[in-house]
Amino acid sequence: DQQVKQNSPSLSVQEGRISILNCDYTNSMFDYFLWYKKYPAEGPTFLISISSIKDKNEDGRFTVFLNKSAKHLSLHIVPSQPGDSAVYFCAASAEGAQKLVFGQGTRLTINP
Amino acid sequence: DVKVTQSSRYLVKRTGEKVFLECVQDMDHENMFWYRQDPGLGLRLIYFSYDVKMKEKGDIPEGYSVSREKKERFSLILESASTNQTSMYLCASSPFMGALVYEQYFGPGTRLTVT
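Calculation notes
Residues numbered from 1 in each chain as written. Chains lettered and ligands numbered in written order. Predicted model: local features only at pLDDT ≥ 70, side-chain atom pairs only at ≥ 80, totals over all residues. Heavy atoms only, no water. Contact = heavy atoms within 4.5 Å. Buried area = accessible area lost by both parts, 1.4 Å probe. Salt bridge = Lys/Arg side-chain N within 4 Å of Asp/Glu carboxyl O. Polar contact = N/O pair within 3.5 Å; in protein donor to acceptor, adjacent residues only side chain to side chain. Helix = DSSP H or I, 4+ residues; strand = E, 2+ residues; numbered from the N terminus. Buried < 20%, exposed > 50% of the residue type's maximum accessible area, 1.4 Å probe, protein only.

Student: Is there a simple way to explain the interface of chain A and chain B in this structure?
Tutor: How big an interface is tends to be stated in terms of accessible area lost as the parts join. Contacts between the two partners involve 21 residues from chain A and, on the opposite side, 25 residues from chain B. Taken over both partners, the interface formed by chain A and chain B buries close to 1800 Å², and the fraction arising from carbon and sulfur atoms is 58%. Its largest share of buried area at the contact with chain B, chain A owes to Gln98, Lys99 and Phe102 of chain A, together 33% of the area lost on that side. Between the two partners, chain A and chain B, sit zero salt bridges. Seen at the junction of chain A and chain B, the total is two residue pairs in polar contact (both at pLDDT 80 or more).

Printed below as a string of structure tokens:
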């Protein structure tokens, strides 16, 4: 039972354009969402997060949007750069739960 | 800077061997986690610990056990390694924030191959 789903295993985007990565969740108790980035042979690193009391959070080139009614969140990267090529995981947590539930990941490739 | 280290980057073991994966964090975090990462399946939680000598099963605990004798160290044990335990193993830590969720900090991972 996959509570957090990333339905696109891979995404290819031209350098300078916008990358949009999507994530859906099923558990209505989730109220905090995070995006992690992972390079090969390295551990995931935290990118950006959003609480359910917000619908948008921005940090430089990265913006996360949350649509609670649709149980959907997305990560926008503008403009995309070659160094953004990595696997991106979304994760979710419920209040008081110290653990995260991760999606399957999306491999983003930025083409020059 | 938070640092999470794992004892080995690459490990090759034989079927039936007992395998120890060690993880150490230097930020005095209460919570520690073990995940495995497999293609198409993302990160799946094996076990986690929110205090010394405390542990809770994650989503896929079968075939694994853990030990947390000191706050900074969390060990994952494969009692009798099998080929379906070939995977990337990731350790993470985070502070305990009560009702709040805090990001987890990950180690570099151990690529385990069981032959």
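Student: Would you explain the environment of Leu45 of chain B in this entry?
Tutor: Here Leu45 of chain B shows up in strand β5 (residues 42-49). According to the relative accessible area criterion, Leu45 of chain B is buried, its value standing at 2%. Residues Leu45 of chain B and Thr110 of chain B lie 65 residues apart in sequence; the distance between their C-alpha atoms is 15 Å. Here Leu45 of chain B is in contact with Lys99 of chain A together with Phe33, Trp34, Tyr35, Gly58, Asp59 and Ile60 of chain B, once residues within four sequence places are set aside.

Student: Would you take a moment to explain unusual backbone geometry for this structure?
Tutor: When glycine is set aside, most residues are seen to have a negative phi, and most peptide bonds are trans. In this structure, Pro79 of chain A follows Val78 of chain A across a cis peptide bond, with omega equal to -10°. Positive phi values are uncommon outside glycine, yet Ala41 of chain A reaches one of about 65°. Summarising the element assignment, Ala41 of chain A is placed in the loop between β4 (30-38) and β5 (45-51). Overall, the relative accessible area of 35% leaves Ala41 of chain A in the partly exposed class. In this structure, Asp28 of chain B is a non-glycine residue whose phi angle is positive, near 60°. The residue Asp28 of chain B is located in the loop between β3 (19-25) and β4 (31-38) in this model. Judged by relative accessible area, which is 53%, Asp28 of chain B ranks as exposed.

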